[in-house]
Amino acid sequence: MNRILISIAAATAALSIGACSDMTHREKSTVAGAAIGGVAGSALSGGSAAGTVGGAVVGGVVGNQAGR
């Protein structure tokens, strides 16, 4: 079961990287910030959905501004 999940995660990551090839630097920064913020929000809130979404929103805004 773990090998299947790892394979699915690796395939998803590879497809996601390919989808970002035509994005601007600012768009890539926004996506990266949202991903990092979502993980941080989830970790800080104990896995709550509100904490994850809130972290993703804040991270996306920070990433957008940093990517100028």
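So, how was this worked out
Residues numbered from 1 in each chain as written. Predicted model: local features only at pLDDT ≥ 70, side-chain atom pairs only at ≥ 80, totals over all residues. Heavy atoms only, no water. pLDDT = per-residue confidence, 0-100. Helix = DSSP H or I, 4+ residues; strand = E, 2+ residues; numbered from the N terminus. Expected span 1.5 Å × (residues − 1). Buried < 20%, exposed > 50% of the residue type's maximum accessible area, 1.4 Å probe, protein only. Arc of directions from axis to C-beta. Contact = heavy atoms within 4.5 Å. Axes fitted to C-alpha atoms, helices over the stretch in contact; angles between N-to-C directions. Parallel < 35°, antiparallel > 145°, perpendicular 65-115°, else oblique. Left-handed = near helix turned anticlockwise from the far one by under 90°. Nonpolar A, V, L, I, M, F, W, Y, C, P; charged D, E, K, R; others polar.

A separate point is the confidence of the model for the protein. The pLDDT averaged across the protein works out to 88; a share of 99% of its residues lies at or above 70. Here helix 1 (residues 2–19) stands out as the element of the protein with the lowest mean pLDDT, 80, in contrast to helix 3 (residues 49–66), whose mean of 94 is the highest.

In this model, helix 2 (residues 25–44) (20 residues) spans 28 Å end to end at C-alpha, consistent with the 28 Å of a helix rising 1.5 Å per residue. Considered for burial, the residues of helix 2 that qualify are S29, G33, G37, G38 and G41. Looking down the long axis of helix 2, one finds its buried residues gathered within 165° of arc, a one-sided arrangement. Turned more than 90 degrees away from the buried face of helix 2 sit H25, I36, V39 and A43, all of them exposed. Elements in contact with the buried residues of helix 2: helix 3. Positive phi shows up at G46, right after helix 2, with a value of about 75°.

Along the chain, S29 turns up in helix 2. Those residues in contact with S29, other than ones at most four positions away along the chain, are G63, N64 and G67.

Moving on: the packing of helix 2 against helix 3. In helix packing, the relevant descriptors are the interaxial angle and the interaxial distance, both defined with respect to the helix axes. At a minimum axis separation of 6 Å, helix 2 and helix 3 run at an interaxial angle of 150°. Classified by the angle between their axes, helix 2 and helix 3 sit roughly antiparallel to one another. Along this stretch, helix 2 crosses helix 3, giving a crossing that reads as right-handed. Taking contact as the criterion, the partners of R26, S29, T30, G33, A34, G37, G38, G41 and S42 in helix 2 are, on helix 3, G51, T52, G55, A56, G59, G60, G63, N64 and Q65. A per-class count over the contact of helix 2 with helix 3 returns 2 nonpolar, 15 polar and 1 charged.

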